[in-house]
Amino acid sequence: MIVCVCRRVSDRDIARHAKAGLGFDEIQLELGVATQCGGCEGFARDVVAQCHGTCPTAHIRRQNATNPPREPSPAP
Ligand code: FES
């Protein structure tokens, strides 16, 4: 999905850079996201935060990931 219409930057582009360890400012310089009208900045920052695990949703997922795995169902 296109996040930044002005620079045609998608959420996948942002996520790929964030998962590579770049912060929002670095991604902004690299991709040009949120450098024209600025209307996309909030959503672009949310995408970066989700990839860095700094938002509440990511925190909940991380807590659930520590639960032990379920036993596999017996074969029919
Ligand atoms: S929509 Fe991203 S700068 Fe305009």
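The present account deals with the structure reproduced in this document. (Residues numbered from 1 in each chain as written. Predicted model: local features only at pLDDT ≥ 70, side-chain atom pairs only at ≥ 80, totals over all residues.)

1. Let's talk about the overall build of the protein chain
Going by this rule: Secondary structure elements follow DSSP: runs of H or I of four or more residues count as helices, runs of E of two or more count as strands, with numbering from the N terminus. Using C-beta atoms placed from the backbone, we call a residue buried if 20 or more other C-beta atoms fall within 10 Å of its own, exposed if 12 or fewer do, and partly exposed for counts in between. Contact between two residues is assigned when their C-beta atoms, built from the backbone, lie within 7 Å.
Assigned secondary structure in the protein chain consists of four helices and two strands. Burial status across the protein chain gives 22% buried among its 76 residues. Taking as baseline every contact in the protein chain between residues at least 6 positions apart, the subset at least 24 positions apart corresponds to 47%.

2. Some points on unusual backbone geometry
Not every positive phi belongs to a glycine, and Arg8 is a case in point at roughly 50 degrees. Its location among the elements puts Arg8 in the loop between strand S1 (2-4) and strand S2 (9-10). On the neighbour-count criterion, Arg8 (12 C-beta atoms within 10 Å) is exposed. Although it is not a glycine, Ala34 adopts a positive phi angle of roughly 60 degrees. When you line up the elements, Ala34 lands in the loop between helix H2 (24-31) and helix H3 (41-52).

3. Some thoughts on H2
Going by this rule: What the arc measures is the spread of directions leading from the helix axis to the C-beta atoms.
Considered for burial, the residues of H2 that qualify are Ile27, Gln28 and Leu31. End-on view of H2: buried residues confined to an arc of 105 degrees, all on one side of the axis. Across H2 from its buried face, at more than 90 degrees, point the exposed residues Asp25 and Leu29. Residues of H2 that are buried sit in contact with S2, helix H1 (11-19) and H3. Two residues or fewer after H2 comes Gly32, characterised by a positive phi angle close to 85 degrees.

4. Considering the nonpolar core
The cut-off we apply is this: One nonpolar core equals one set of buried Ala, Val, Leu, Ile, Met, Phe, Trp, Tyr and Cys residues connected by C-beta atoms within 7 Å.
Residues Val3, Cys4, Ile14, Val33, Ala44, Val47 and Val48 are the most contacted members of the largest nonpolar core, which totals 14 residues. Secondary structure elements with two or more residues in this core: S1, H1, H2 and H3. By residue number, the principal contributor to this core is H3, which donates four residues. Setting aside chain neighbours within four positions, we find Val47 in contact with Val3, Asp11, Ile14, Ala15 and Ala18.

5. Considerations on the packing of H1 against H3
Just so we agree on the cut-off: Here the axes come from fitting lines to C-alpha atoms, over the contacting stretch only for helices, and the angles between their N-to-C directions go from 0 to 180 degrees. Under this scheme an angle from 65 to 115 degrees is roughly perpendicular, one under 35 degrees roughly parallel, and one over 145 degrees roughly antiparallel; angles in between are oblique. Here a crossing is called left-handed whenever its near helix is offset anticlockwise from the far helix by less than a right angle, and right-handed whenever the offset is clockwise. By the convention adopted, Pro, Cys, Tyr, Trp, Phe, Met, Ile, Leu, Val and Ala count as nonpolar, Lys, Arg, Asp and Glu as charged, and the other residues, Gly among them, as polar.
Look at H1 against H3: their axes get within 9 Å of each other, and the N-to-C directions meet at 40 degrees. Between H1 and H3, the interaxial angle falls into the category oblique. Crossing angle aside, the handedness with which H1 passes H3 is right-handed. From H1, Asp11, Ile14, Ala15, Ala18 and Lys19 reach across to H3, where they touch Ala44, Val47, Val48, Cys51 and His52. Of the residues contributing to the contact of H1 with H3, the split by class is seven nonpolar, one polar and two charged.

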